[in-house]
Amino acid sequence: MDTEHLQTDILIIGGGVAGLNAALTARESGQDVLIMDKAVIERSGHAAGGIDHFCAYLETGPDWDTGEAYLNMTARGARGATDISVVERIYCDELKGAIQRFEDINCTLRQPDGTFFRTQSYGQPGPFYINFNGKRMKPLLGRAAREAGCRVLDRVVTGDLLVRDGEVCGAAGFHIREGRFYVIHSKAVILATGGTNRLYQNPTGLSFNCWMCPANTGDGEAMAFRAGARLANVEYIRMSVVPRGFSAAGLNALVGMGARLINGREEEFMERYDPRGMQGPRYKLVQGVLGELKAHRGPVYIDCRHLDPEAMRHLVTTLSYDKDTLPDYFEQKNIDLTRDLMEIATSEGMQGGPSEVCGSGIKIDQDCATSVPGLFAAGNSADQCRSLHMAVTSGIHAGRMASAYSMDRGKPAPVQGRQVDEIRDRLFAPMEGAGSVSWREFEDVLQRTLTEGMGPVRSAWGMEKTWNNLDLIEKWKDRVRVDDYHGLLRVQEVHNMMTVARCMIKAAMFREESRFGPCHFRLDFPETDDERWLGQILVKRDGKGQPCTEFLPISYD
Amino acid sequence: MPPVIKRELCQGCGTCEDSCPLDVIHMDEGGAVPIIKYPEECWHCGSCRQDCPEGAITILFPLRMMVSAGIVPY
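**Side note on the overall build of chain B**
A tally of regular secondary structure across chain B gives three helices and four strands. Taken from N to C terminus, the helices and strands of chain B fall in the order β-α-β-β-α-β-α. Expressed along its principal axes, the backbone C-alpha trace of chain B runs to roughly 45 × 20 × 15 Å. Per-residue burial over chain B gives 35% buried out of 74 residues.

Structure representation (structure tokens):
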């Protein structure tokens, strides 16, 4: 197949919210920018179809509306996972510019009358969520990136990073329709590929019916790991509460507008699980739903019937901003929120950060830099970033810091031909395989074993069994066969999910305590142990390519 | 399976193909008609419907998502 070589200052892998904000800032710094995305950047990534809230403090006067209050909330809600010095540098320093960025791309956070509509949920000290219409945010961001002069490779999936003498100097990937092989030579790389989904079985049996974007399969985390970078917070499983049958976003809007969770006896139950009740963190809502079902007090419902008509109108509109097709789902299922209870359930699991404001994945420092020179990370693929506000601010910050790094370099380090050949051979091998296993079967067995052993109830023996199962699954790797480049994309995704799963298991086995409710609960170590485990578990590859762990204590004064 | 494209309204412009974040929609070999090539990989994000200039796309949820049944793990 054809190979095309391209050169740029800054290569951005993943053209979602974080990647495109990084691209715009790097262009403002005068850098040559190239963006690679599996899809077309106007509608790619988690916010492709729209989004409805942006978390911000606005310094309007009260104590809760300050950076200090935000950082206190973050430290309290993600103790042991968040590094406040990094969050302060990324989020607090870039917030004003982030809000301005929305104005610049013509996707304002304001209501038509010029005010901010603010709501409160998930343990916030005040109404931090700005509700807005983000249905066209991605097309507007994509257009802005093209108009700013970024080069874009749409429908090109990255296979691996290029590393020379311990420094990242580019990446290689292929076009998912035509198969053309691309080698990009760059001075710096920003990974902005989102989180890791499709790891666990979906209750409907439809793997792509997932809460976050099913195109986000831990590609950046896996590539960073292979390049020698450290991952953090990857032991945690994340779940949400979703309409039963449709793993749709929207819980924040429901909670923010005053919806209640009730059980099969029509009792409110959240205060059994958290003194803040419905205002507790998301993982507590998950814990509450699981607890009621386990105690045979199900089904569990969301109740909006008490909301006044004005609040209800706002809610229904906002829900469609977050998940465009949710109103259609209600209609086809004959659910009227003003009249009916809506049955809910916990979503499929995913690898993700333990709180709304703390992420998991590639370990970044105050400059969004990883432990590998030339490699930066932003958005949901970075360990400190979660949600839209962190995607935008970390994107801007990564773009700024990668530009500073790039300006100090002469030209990209030369790529080693042997490494390029190895990546190409590995990527295209399933096209030539003689095996009979489809990527779906490969994905299915991975999901089954993780659901069994790496869910919200864990034990040493269960995790060890899962690890051994992965050994077995990996032995079948060479028997996976695909017939087209779309299939090649999917099998590549499953390989990356497998790499993240390995790191997840190692980190979870190492953390001999429980933390953040169902995010990491061990039957054999059911208590939280701050004396031993207040901090992050870092995962990196050893000499044989296997994940090894170390503990990084974090203090919160 | 979602999405459903009304042939009588579709002008074959290919916008939906570019809007899909999951590579589900492909123009057929002649490049004139969009086909839902991988229906099971739909995320139901509604991007294709939002962007269709002819309003030719509706979203129809599959049976598996309409029935509240099955074992909730854990």
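Moving on from the coordinates now.
**Section: the overall build of chain A**
Helix and strand counts for chain A come out as 15 helices and 20 strands. For a compact globule of 557 residues, the expected C-alpha radius of gyration is about 24 Å, and chain A comes in at 22 Å, within 12% of that figure. The dimensions of chain A, computed from C-alpha atoms along their principal axes, are 65 × 55 × 50 Å. Out of the 557 residues belonging to chain A, those deemed buried represent 59%.

**Brief notes about helix α12 (residues 439–453) of chain A**
All names here are of chain A. When the terminal C-alpha atoms of α12 are compared, their 21 Å separation across 15 residues agrees well with the 21 Å that a helix rising 1.5 Å per residue should span. Within α12, the full set of buried residues consists of W439, F442, E443, L446, Q447, T449, L450 and G453. Those residues of α12 that are buried lie in contact with α13 (460–475) and α14 (485–510).

**Notes on the environment of D383(A)**
Residue and element names in this part refer to chain A. Counting through the fold element by element, D383 comes out in the loop between β18 (375–377) and α10 (387–407). Its 27 C-beta neighbours within 10 Å are what place D383 among the buried residues. Setting aside its immediate chain neighbours within four residues, D383 contacts A232, N233, G359, S360, G361, I362, K363 and I364.

**Description of the packing of helix α2 (residues 67–77) of chain A against helix α3 (residues 84–104) of chain A**
Residues and elements named next belong to chain A. Remark: α2 packs on α3, axes separated minimally by 11 Å, with the N-to-C direction vectors making an angle of 140°. On the basis of their axis angle, the class for α2 and α3 is oblique. For the pair α2 and α3, the sense of crossing is right-handed. Contacts between α2 and α3 pair G67, L71, T74 and A75 from the former with I84, V87, E88 and C92 from the latter. Residues that form the contact of α2 with α3 fall into these classes: five nonpolar, two polar and one charged.

**Here's the deal with the domain arrangement of chain A**
Residues and elements named next belong to chain A. Once the domains are mapped, chain A shows domain 1 (3–237 + 351–407), domain 2 (242–346) and domain 3 (429–537). Using only C-alpha atoms to locate each centre, domain 2 and domain 3 end up separated by 30 Å. Each side of the interface is counted separately: domain 2 has five residues, and domain 3 has five residues. For the side of domain 2 that touches domain 3, the class distribution of residues is three nonpolar, one polar and one charged.

**A few points about the interface of chain B and chain A**
On the chain A side, the residues contacting the 25 residues of chain B number 38 residues. When contributions to the side of chain B that touches chain A are tallied by element, the ones reaching two or more residues are α1 (15–19), α2 (47–51) and α3 (63–66) of chain B. Residue contributions to the side of chain B that touches chain A peak at three residues, all from α3(B). Per-class residue counts for the side of chain B that touches chain A are 13 nonpolar, seven polar and five charged.

**Description of the environment of A98(A)**
With respect to the helices and strands, the residue A98(A) is situated in helix α3. When sequence neighbours within four positions are dropped, the list of residues in contact with A98(A) reads V392(A), T393(A) and I396(A).

**Quick look at the sheet that holds strand β4 (residues 117–119) of chain A**
Residues and elements named next belong to chain A. What the three strands build is an open sheet, ordered β3-β5-β4; its pairing is antiparallel. A strand with exactly one partner marks an edge of an open sheet, and here the two such strands are β3 (53–55) and β4. Mean inter-strand twist for the sheet, computed between neighbouring axes without regard to direction, equals 35°. Direction of pairing for β3 relative to strand β5 (residues 129–131): antiparallel, over a ladder of three bridges. Its bridge partner being in β5, H53 is matched across the sheet by N131.

**Description of the packing of α3(A) against α10(A)**
Each pair of packed helices gets described by two things: the angle between the helix axes and the distance between those axes. Residue and element names in this part refer to chain A. It is at 8 Å that the axes of α3 and α10 come closest, and there the two elements cross at 100°. It follows from the interaxial angle that α3 and α10 lie roughly perpendicular. Judged by residue contacts, I90, Y91, E94, L95, G97, A98 and R101 of α3 engage H389, M390, V392, T393, S394, I396 and H397 from α10.

**Notes on the nonpolar core**
Within the largest apolar cluster, 187 residues are counted, with the highest numbers of intra-cluster contacts made by I35(A), I190(A), F376(A), A377(A) and A378(A). With 14 residues, α14(A) is the largest single contributor of residues to this core.

**Description of helix α7 (residues 282–294) of chain A**
All names here are of chain A. Over its 13 residues, α7 runs 18 Å from end to end, which matches the ideal 18 Å to within 8%, given 1.5 Å per residue. Most of α7 sits out of view: ten of its 13 residues are buried. Considered for burial, the residues of α7 that qualify are R282, Y283, K284, L285, V286, Q287, G288, V289, L290 and E292. At its buried positions, α7 is contacted by β12 (241–243), α6 (251–256), β13 (260–262), β14 (300–303) and β15 (342–346). Following α7 by one or two positions, H296 adopts a phi angle in the positive range, close to 60°.

**Concerning the sheet that holds strand β20 (residues 547–553) of chain A**
Residue and element names in this part refer to chain A. If you walk across this open sheet you meet the four strands as β17-β10-β19-β20, and the pairing is antiparallel. In the strand order of this sheet, the two ends are held by β17 (361–362) and β20, each with one partner. The pairing of strand β10 (residues 231–232) with β17 spans two bridges and is classified as antiparallel. Looking at the pairing, A232 lines up with G361 of β17.

**Section: the pairing of strand β1 (residues 3–13) of chain A**
Residues and elements named next belong to chain A. As judged from the ten bridges shared by β1 and strand β9 (residues 181–191), these two strands associate in the parallel manner. The partner of I12 across the bridge, within β9, is I190. Judged from the four bridges that link them, β1 and strand β2 (residues 33–36) form a sheet pairing that is parallel. Directly across from I10, in β2, lies its bridge partner V33.

**Some thoughts on unusual backbone geometry**
All names here are of chain A. Of note, the bond from G298 into P299 is cis; its omega dihedral lies within 30 degrees of zero at -10°. Tracing the sequence through the fold places P299 in the loop between α7 and β14. Its identity as a non-glycine residue notwithstanding, E59 has a phi of 55°, on the positive side. Relative to the elements of secondary structure, E59 occurs in the loop between β3 and α2. Backbone geometry places S387, a non-glycine residue, at a positive phi of 75°.

**Section: the pairing of β2(A)**
All names here are of chain A. Residues V33 and I35 of β2 are buried on one face, and the alternating residues L34 and M36, pointing to the opposite face, are buried as well. Two elements, β2 and strand β6 (residues 151–153), share three bridges in a ladder whose sense is parallel. By the bridge assignment for β6, I35 is matched with V152.

Conventions and cut-offs
- Residues numbered from 1 in each chain as written.
- Chains lettered and ligands numbered in written order.
- Predicted model: local features only at pLDDT ≥ 70, side-chain atom pairs only at ≥ 80, totals over all residues.
- Helix = DSSP H or I, 4+ residues; strand = E, 2+ residues; numbered from the N terminus.
- Buried ≥ 20, exposed ≤ 12 C-beta atoms within 10 Å, placed from the backbone.
- Rg over C-alpha atoms; globule rule 2.2 N^0.38 Å.
- Expected span 1.5 Å × (residues − 1).
- Contact = placed C-beta atoms within 7 Å.
- Axes fitted to C-alpha atoms, helices over the stretch in contact; angles between N-to-C directions.
- Parallel < 35°, antiparallel > 145°, perpendicular 65-115°, else oblique.
- Left-handed = near helix turned anticlockwise from the far one by under 90°.
- Nonpolar A, V, L, I, M, F, W, Y, C, P; charged D, E, K, R; others polar.
- Domains from an automatic or database assignment.
- Pairing = 2+ DSSP bridges.
- Core = buried A, V, L, I, M, F, W, Y, C linked by C-beta atoms within 7 Å.

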